[in-house]
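What follows is the residue order along each chain.
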Amino acid sequence: LREMGSLGLLGMLIPEEWGGIGMSTVGFVAAMEQIGLADQSLAAAWQAHVTIGSLPLLLFGNDEQRERWLRPLAEGRVLGAFGLTEPDAGSDARGIATRATRVDGGWVINGRKTFISNAGTDMSFGVTLLARVGSAADQGRQQRYATLVVEKDAPGFTMGSKMRGIGWRGLDTRELYFDDVWVPDDHLIGDPDLGLGQFLSTLEVGRISIAALSLSLTQAVLDLALDHARQRVQFGQPISKYQAIQFKLADIATELEAARWLTYRAAYL
C-alpha cells in the first residue's frame, strides 16, 4: 500500500489540487479489476481507502479539513477507514446505535463499530465514522446523523485484534470501541441536518468498486477453471474438449461479460 501511494494510486479519485491524480470512476474500475486479479485483500483495502475512507472529506469537508486529512490520504502518507457497520446495523445505515452528543466545543461519541477495514494498520490516521446525533431520549424525534473524524490517539478510542475471516486474509478488519470519546467541533464533516443523504452519496462509488472487485474475482476463478479444464484428461483427452464442460465455461464467461459492462455503465454514470 505504501508503494501504491508512491505511484499516486491512493489518491486516484481525488483532484490534483488536494494531492490526488483525479482519475475518473471508469478508470478507477479498470484499475480495480487489475489489482483484484492479483490480490483480493489488497484490492479491498485499497478501495476502502479510496472511496469511503477519502470521499466524505472531499465532498463535504471544508478546505481546512481537506488540507489536514484529505491531502495525506491522497498522497498515500496515511490510510483511510470509515466506520459504518455495527453488530446490529450496516446495510441498514439508519439502524446504527453509535451516538454523538453535542457538548461545549465538540462532540462526545459512544458506541461500537465492527468489520472496519484499515483502522488498525500502521498507516492508519484513525477513522471517519457515522453516528446518530443526540441521546437515546431523542429516539422518537427526527433522526440526525453526523460524520466525524476520530484520530487514533483520541482518549477512549480503542480497537480489538485483527479479525480472522474466511477470505480476504490480508485485510486488516477490526472492531472499534468509543467510550466517551471527545472530538472538537472542527472534526465534524458536513451538516448533520442533511441526515443520511450526504453520507449515502459517498457509498455510490464504493458499491461500484465492490462490483468491480467481484468482476476480478470471477475472472480469476474462470481463468483457473479454464487452465484446469485444459490440463485435466479423461477418456483420452482434456475435459475442455467436452461440450458439457464448454457450456459451463461459456455460461460463466457470458455472465461475467454482462456484469462487466453493467459495472462500467454504472461507473460512467
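Now for the pattern of salt bridges. A side chain with one charge can pair with a side chain of the opposite charge if their charged atoms come near. Enumeration over the complete set of coordinates arrives at 14 salt bridges. The partner of Glu-75 in a salt bridge is Arg-77, with the nearest N and O atoms 2.9 Å apart. With a relative accessible area of 48%, Arg-77 lands in the partly exposed category. Across the pair Asp-172 and Arg-174 runs a salt bridge whose closest N-O atoms are separated by 2.7 Å. The pair Asp-172 / Arg-174 is uniform in exposure class, with both members buried. Through salt bridges with shared partners, a single ionic network connects Glu-67, Arg-71, Glu-75 and Arg-77.

This part is about the pairing of strand 2 (residues 99-103). The sheet contact formed by strand 2 and strand 3 (residues 106-117) spans five bridges and is antiparallel. Paired with Arg-102 across the strands is Trp-107, a residue of strand 3. Counting the residues between successive antiparallel strands, the hairpin from strand 2 to strand 3 contains two residues, one of them, Gly-105, with a positive phi of roughly 80°. When strand 2 meets strand 4 (residues 126-133), the two strands line up parallel, connected through two bridges. Its bridge partner being in strand 4, Ala-100 is matched across the sheet by Val-133.

Across the interface, helix 2 (residues 25-38) lies against helix 6 (residues 197-231) with an axial gap of 8 Å and an inter-helix angle of 40°. When the axes of helix 2 and helix 6 are compared, the crossing they make is right-handed. On the side of helix 2, the interface is formed by Thr-25, Phe-28, Val-29, Met-32, Glu-33, Gly-36 and Leu-37, while helix 6 contributes Val-205, Ile-208, Ser-209, Ala-212, Leu-213, Leu-215, Ser-216, Gln-219 and Ala-220.

Let us look at the environment of Thr-128. Structurally, the position occupied by Thr-128 is in strand 4. The exposure class of Thr-128 is buried, given its relative accessible area of 2%. Here the alpha-carbon distance between Thr-128 and Asp-172, two residues 44 residues apart in the chain, equals 16 Å. Non-local contacts of Thr-128, meaning those with residues more than four positions away in its chain, are made with Ala-81, Phe-82, Gly-83, Thr-147, Leu-148 and Val-149.

Centre distance and the angle of the planes are the two values used to describe a pair of aromatic rings. Under the criterion given, the structure shown has three aromatic pairs. A ring pair is formed by Phe-157 and Phe-178, whose centres lie 5.1 Å apart and whose planes are at 5°; its orientation type is stacked. Within this pair, whereas Phe-157 is found in strand 6 (residues 157-159), its partner Phe-178 is found in strand 7 (residues 173-184), the two being separated by 21 residues in sequence. When sorted by exposure, Phe-157 lands in the same class as Phe-178, which is buried. Plain terms: the ring middles of Trp-261 and Tyr-264 are 6.3 Å apart, the flat faces sit at 50° to each other, and that makes the pair tilted. Of this pair, Trp-261 and Tyr-264 both sit in helix 7 (residues 243-268), three residues apart, which is roughly one turn of the helix. Exposure remark for Trp-261: the relative accessible area of 56% places this residue in the exposed category. The side chain of Arg-102 reaches across the aromatic face of Trp-107, ending 5.6 Å from its centre.

Reading guide: rules and limits
Residues numbered from 1 in each chain as written. Predicted model: local features only at pLDDT ≥ 70, side-chain atom pairs only at ≥ 80, totals over all residues. Heavy atoms only, no water. Salt bridge = Lys/Arg side-chain N within 4 Å of Asp/Glu carboxyl O. Buried < 20%, exposed > 50% of the residue type's maximum accessible area, 1.4 Å probe, protein only. Pairing = 2+ DSSP bridges. Helix = DSSP H or I, 4+ residues; strand = E, 2+ residues; numbered from the N terminus. Axes fitted to C-alpha atoms, helices over the stretch in contact; angles between N-to-C directions. Left-handed = near helix turned anticlockwise from the far one by under 90°. Contact = heavy atoms within 4.5 Å. Phe/Tyr/Trp six-rings, centres within 6.5 Å; stacked < 30°, edge-to-face > 60°. Lys NZ or Arg CZ within 6 Å of the ring centre and 35° of its normal.

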